[in-house]
Amino acid sequence: MERKGTAKLDFLRKIELEIQEKWEKDKAFELTVFFFLSSKNKYFVTFPYPYMNGRLHLGHTFSLSKCEFAVGYQALKGKKCLFPFGLHCTGMPIKACADKLKREMELYGNPPQFPDEEEEEKEKPKTSDEIIIKDKAKGKKSKAAAKSGSSAFQWDIMRSLGLKDDEIVEFANAEHWLEYFPPLAVKDLKQMGVKVDWRRSFITTDVNPFYDSFVRWQFVTLKERKKIKFGKRYTIYSPKDGQPCMDHDRQTGEGVGPQEYTLIKMKIVEPYTAKFKSKVFYSKNIFLVAATLRPETMFGQTNCWVRPDMKYVAFETNSGDIFISTSRSARNMSFQGFTKENGAVPVIMEILGQDILGSALSAPLTSYKIIYALPMLTIKEDKGTGVVTSVPSDAPDDIAALRDIKKKQALREKYGIEDKMVLPFEPVPIIDIPGYGNLSAPLVCDELKIQSQNDKEKLAEAKEKVYLKGFYEGVSQHRPGEAMIYMEPEKQVMSRSADECVVALCDQWYLDYGDPEWKQQANEVLKSLETFCDETRRNFEATLAWLQEHACSRTYGLGTRLPWDEQWLIESLSDSTIYMAFYTVAHLLQGGVLNGQGGSPLGIKPEQMTREVWDFIFFKTSPFPKTDIPKEHLQRLRREFEYWYPVDIRVSGKDLVPNHLSYFLYNHVAMWPKDNGKWPQAVRANGHLLLNSEKMSKSTGNFLTLTQAIDKFSADGMRLALADAGDTVEDANFVETMADAGILRLYTWVEWVKEMIANQKNLRTGPADTFNDRVFASEMNAGIMKTEQHYEKMMYKEALKSGFFEFQAAKDKYRELAIEGMHRDLVFQFIERQTLLLAPICPHLCEYTWGLLGKTGSLMKASWPVAGPVDEILIRSSQYLMETAHDLRLRLKAYMLPPKNKKGDSKPPAKPSHCTIYVAKTYPPWQHSALSLLGKHYKSNNGVLPDNKVIASELGALPELKKYMKRAMPFVAMIKENLEKNGPRVLDLELEFDERTVLMENLVYLTNSLELEQIDVLFASEADDKVKEDCCPGKPFSVFRSEPGVCVSLVNPQPFNGLFSTKVDIRQGDSKDSIIRRLSKVNRLIKDLSRVKLMRYEDPILGPRRVPVLGQEEQGKLPISNKSVFNINLEEKRVTLADNGLTVDIGDTLVYLIQ
């Protein structure tokens, strides 16, 4: 939707740029530790450094906004706040993209001329026939494609970032990415106005000599402490990259691990089917290999299944045996030591499933000597080996398929299956399941009346019943013997180089997160860690329970080399666990240059940062090292670290709990095992960010980078919408219409502040003690306390609600109710407090408002407002007033509806002029009795009321309620509902405030807002029985009526003022003031009633007919005094005026002048 105009947005952007310049000049966020500060009143917040292969987007911004708001709030609370920001370049993706660009230039020229998509499609099928998959790129249109639109080429992805061809060429060099994207990230974040100390920013990898030295020190320490080990282990592996593929190296399949299967070898025996009589199989053992998760059920095999139309491969293993499986599983096996050459599948023959059908098999463990290969059409290619063992006693799918082939002769004939291969085989009992016996699958299939293997839904239900019960309660009657282990990824994993990953048995350096002692220490950290919500804590607990070894070394990509084995690089999830410690000293080492190659402010060179020097800085018990770095410099570095550590809070997406955030805990406890004062204090995990309720995606166009969002909504407008997007670990939602509305709210707020400053002389002064003054003061204090609680819990959506939306609503209500005008002191107190409450979220606009108020210092140095006393009863009495006003409007609307008349010619009643409001001090007797009873139960049952049955029988026993039983239970239901909403004060027999006093203090407001002449407030005890019955404390009863009057013209003879003649009713007993009030309701241009002069004609008959003389408007007229009283004669439609004992006829016209 196109915007009509951008004036308000431009106004906000202009303010933001001015304020950012001011902060930069004042070095507002650069903190130096003054060492005479004995108290550690500090707040150190960090955010996982984002990866530098593109611009920052709104998803990054949402998570880091939590850090930003926290720093803003904690600074107002008087803490020294540090928010540093690093930029991550370690790992595969940058190198993979650079290499892809190189390949594209080699293949397609510079700039590349890519084949069109149709040609590409024609070429594609060739690759799917290949069996030895050395460098096969599958699933090209994965995450990278989603991020770039629909392009499969890296060159097109770079173009989509707005780069020109001659610029793209440079990105074929991985180093160029490190020079190009990090400065853009810094620029975008500065535009957002983040409170970051940029002197401490850095990029990772060995390009930065100081960071490189820091990571090497960390790894030498971890190895010495026996946290890093070497050996063969199963890991997700990318054959194309020739190295393990960890979460951050993946396009799809994040969090997927290896799945362990048992490989069942079923030997093909004579008589051989035609294919297996080939020479290539001569004198070889041939095995169909099936992967199972339940080897204990193999005793129940009656046959095995293959899919007739699926392609299988026969390949030679390192023992000389032949295995038959799908090419995908053969590829996995080749990386797990099954073949002679690692990663190569020596294919002897490609075979279709139908060529295997009917093969006789000798299967281990089964009770049948020979079983056969039979057809099953539902076998999937992406799981297991494509060969499936059949255990019909335990598996509903198997019994359904076996029954099908037994019943259907035509099916047997189609696939050449002889009767002897099927008919003699019956299910073998293997697992005894309580309630189902030892033939559970046939029993459940009969129960559910499953007719064939095509009854998909019923089969799914059967499997759920059998497997769940079998798994937890089944007792196996057999135990498996020897078996081989086979691994494959739990789900498909694609590496960032578009390669389908396998599970490989690799030599690697790994961090031994499974070590029981280390795991126990990590759990200790978790115990004292603030996680803000139970779900995050549960995720941590689950992760620490299953976490095992994590490969920390790679051979491809960017990063720091392993100090003791330089052929390996340290991968991106391992060099990012304790770098928060590096932030504390980075600004003194690397001189404000991201790659650390500028001059050090302390004159320290990277090569001087020896292991002993790092030990001295970070371990407070380490001795002073042998070094030529001056002692005071090293002590300064150590003091910086000791002052800022530990990390007070780390904010991140919840998807990092199972990896990065858990490693963060592990590594801190490994580096500082005996110093729990250095362990992380809190982790705040948030959900993903949706954009307009949909997943963010470049391919659909539902995507915003940080810089686009700022251009579109301004920094403060975007920040407001980010705060409003959501706080929990559920997915949050950034709504563009909310951001647009935010711009309008912020702009309106500033304009109102300017208006108040300009009009402050006209605001009321003197004591601020009216009912509405006191309510407004209390509501402000309550708002401050509520907002403070939300900020403390990092609930920014709630803080925005109580500290801006509800705070503004309190001001709007005050403005509406304060008929006598708003009080100057309260208005300016409100502006100051509102500015401070909103400052963490919208700092630019608040800094600007702070300046408008004439404050000399920066808002960044201000303090959180101190809340005064809160009068809860007063606030509730004000709520009562608003509810009563609302109720009166509804009743007035109902009064104005025409009565239902069968003839249909009913006219609506005349608009009422008067209203009587009846208030009750006490409840009617029957309600009083019911409430007393409920109150008694509530007290004696610890705040719980009994069932309605109990209450009804007790109420029925009370004589005074006999008449009212029909009304008593609905009344009880209403009280119960209100009790849940408003707490036990609902059971009070009297109100905590005086209703009549509240209404009397606001009579003018009520009269004006209902456009009535007069409202009387009486006690219900003075009214008839119906009113007494319908009226109870807190629920007044109102009666409207129309007082008759005589219509008179009011004329204004003054020229050029836009005030015209008006007709007004005059009623018995009216005074001058009541008529002026009535006039102002009809004529909205009259604002100040004190300036209106009411006059009558000396000659009531001829006077109105004379032409007024310019400048002599009062000629022939007499003023009406304050003491005058109007009397009316309805029959004659005549009005007379009584003043000082004199009665005169006023005719049909009066005159009013504005002085």
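Scroll up to find the structure.
Since the structure is predicted, the reported quantities are computational estimates derived from the model, not experimental observations.

Draft legend 1. Broad picture of the pairing of strand 35 (residues 1125-1129). A one-sided burial pattern is seen for strand 35, the buried positions being F1126 and I1128 and the unburied ones V1125, N1127 and N1129. The pairing of strand 35 with strand 36 (residues 1134-1139) spans 5 bridges and is antiparallel. By the bridge assignment for strand 36, F1126 is matched with L1137. Connecting the antiparallel pair strand 35 and strand 36 is a turn made up of 4 residues, with K1133 showing a positive phi of about 50 degrees.

Draft legend 2. Structural detail: the pairing of strand 9 (residues 311-316). Note: strand 9 against strand 11 (residues 347-352), 5 bridges, orientation antiparallel. Each bridged residue has a counterpart across the sheet, and for Y312 the counterpart in strand 11 is I351. In this structure, strand 9 lies alongside strand 10 (residues 322-325), joined through 4 bridges in antiparallel fashion. Bridge pairing links E316 to I322 in strand 10. Here strand 9 folds back onto strand 10 in antiparallel fashion, the turn holding 5 residues, of which G320 has a positive phi close to 95 degrees.

Draft legend 3. Here's a closer look at the packing of helix 16 (residues 516-528) against helix 17 (residues 534-546). Where helix 16 meets helix 17, the axes come as close as 10 Å, and the angle between the chain directions of the two elements is 175 degrees. Judged by the angle between their axes, helix 16 and helix 17 are roughly antiparallel. Residues K519, A522, N523, L526 and K527 of helix 16 touch helix 17, and the partners they reach there are R537, F540, E541, L544, A545 and W546.

Draft legend 4. Representation of the sheet that holds strand 38 (residues 1149-1154) within the structure. Across the sheet, which stays open at both edges, the 5 strands sit in the order 32-31-38-33-34 with mixed pairing between neighbours. Each edge of the open sheet carries a strand with a single partner, namely strand 32 (1062-1066) and strand 34 (1117-1119). Across the sheet, the axes of successive neighbouring strands diverge by a mean angle of 40 degrees, strand direction being ignored. As paired elements, strand 33 (residues 1092-1097) and strand 38 share 5 bridges and run antiparallel to each other. Considered in strand 38, the bridge of M1095 is made with V1151. Contacts between helix 36 (residues 1072-1082) and the sheet are confined to strand 31 (1046-1051), strand 32, strand 33 and strand 38, with strand 32 contributing the most and set at about 140 degrees to the helix.

Draft legend 5. Examining the packing of helix 26 (residues 796-817) against helix 27 (residues 824-838) more closely. Where helix 26 contacts helix 27, the axes come no closer than 10 Å and their chain directions differ by 165 degrees. Here helix 26 lies roughly antiparallel to helix 27, going by the angle between them. Considering the relative orientation of helix 26 and helix 27, their crossing is left-handed. Contacts from L800, G803, F804, F807, Q808, K811 and Y814 of helix 26 reach helix 27 at L826, F830, R833, Q834, L837 and L838.

Draft legend 6. How the structure looks around unusual backbone geometry. Cis rather than trans, the peptide bond between E270 and P271 has omega equal to 0 degrees. Its place among the elements puts P271 in the loop between strand 6 (258-269) and strand 7 (286-292). For the peptide bond that leads from Y645 to P646, omega is 5 degrees, which places it in the cis range. Looking at the element boundaries, P646 is found in the loop between helix 20 (631-644) and strand 23 (649-653).

Draft legend 7. Spotlight on the packing of aromatic side chains. Counting across every chain of the model gives 69 aromatic pairs. Measuring from ring centre to ring centre gives 5.9 Å for F171 and F181, while their planes differ by 45 degrees; the resulting arrangement is tilted. One end of the pair, F171, is in the loop between helix 7 (165-168) and helix 8 (174-192); the other, F181, is in helix 8, with 10 residues separating them in the sequence. For F171, a relative accessible area of 0% puts it in the buried group.

Draft legend 8. Spotlight on helix 3 (residues 93-108). An ideal rise of 1.5 Å per residue puts 22 Å on 16 residues; helix 3 measures up with 22 Å between its terminal C-alpha atoms. Restricting attention to buried positions, one finds in helix 3 the residues P93, I94, A96, C97, A98, D99, L101, E104 and M105. Here the buried face of helix 3 lies against helix 6 (154-160), helix 7 and helix 8. Downstream of helix 3 by one or two residues, G109 has phi in the positive range, about 85 degrees.

Draft legend 9. Molecular detail of the pattern of salt bridges. Per the stated rule, a full pass over the model turns up 61 salt bridges. Residue E806 is joined to K786 by a salt bridge in which the shortest nitrogen-to-oxygen separation is 3.4 Å. Of this pair, E806 sits in helix 26 while K786 sits in helix 25 (residues 771-792), and the two are 20 residues apart along the sequence. Judged by relative accessible area, which is 38%, K786 ranks as partly exposed.

Parameters at a glance
- Residues numbered from 1 in each chain as written.
- Predicted model: local features only at pLDDT ≥ 70, side-chain atom pairs only at ≥ 80, totals over all residues.
- Heavy atoms only, no water.
- Buried < 20%, exposed > 50% of the residue type's maximum accessible area, 1.4 Å probe, protein only.
- Helix = DSSP H or I, 4+ residues; strand = E, 2+ residues; numbered from the N terminus.
- Pairing = 2+ DSSP bridges.
- Axes fitted to C-alpha atoms, helices over the stretch in contact; angles between N-to-C directions.
- Parallel < 35°, antiparallel > 145°, perpendicular 65-115°, else oblique.
- Contact = heavy atoms within 4.5 Å.
- Left-handed = near helix turned anticlockwise from the far one by under 90°.
- Phe/Tyr/Trp six-rings, centres within 6.5 Å; stacked < 30°, edge-to-face > 60°.
- Expected span 1.5 Å × (residues − 1).
- Salt bridge = Lys/Arg side-chain N within 4 Å of Asp/Glu carboxyl O.

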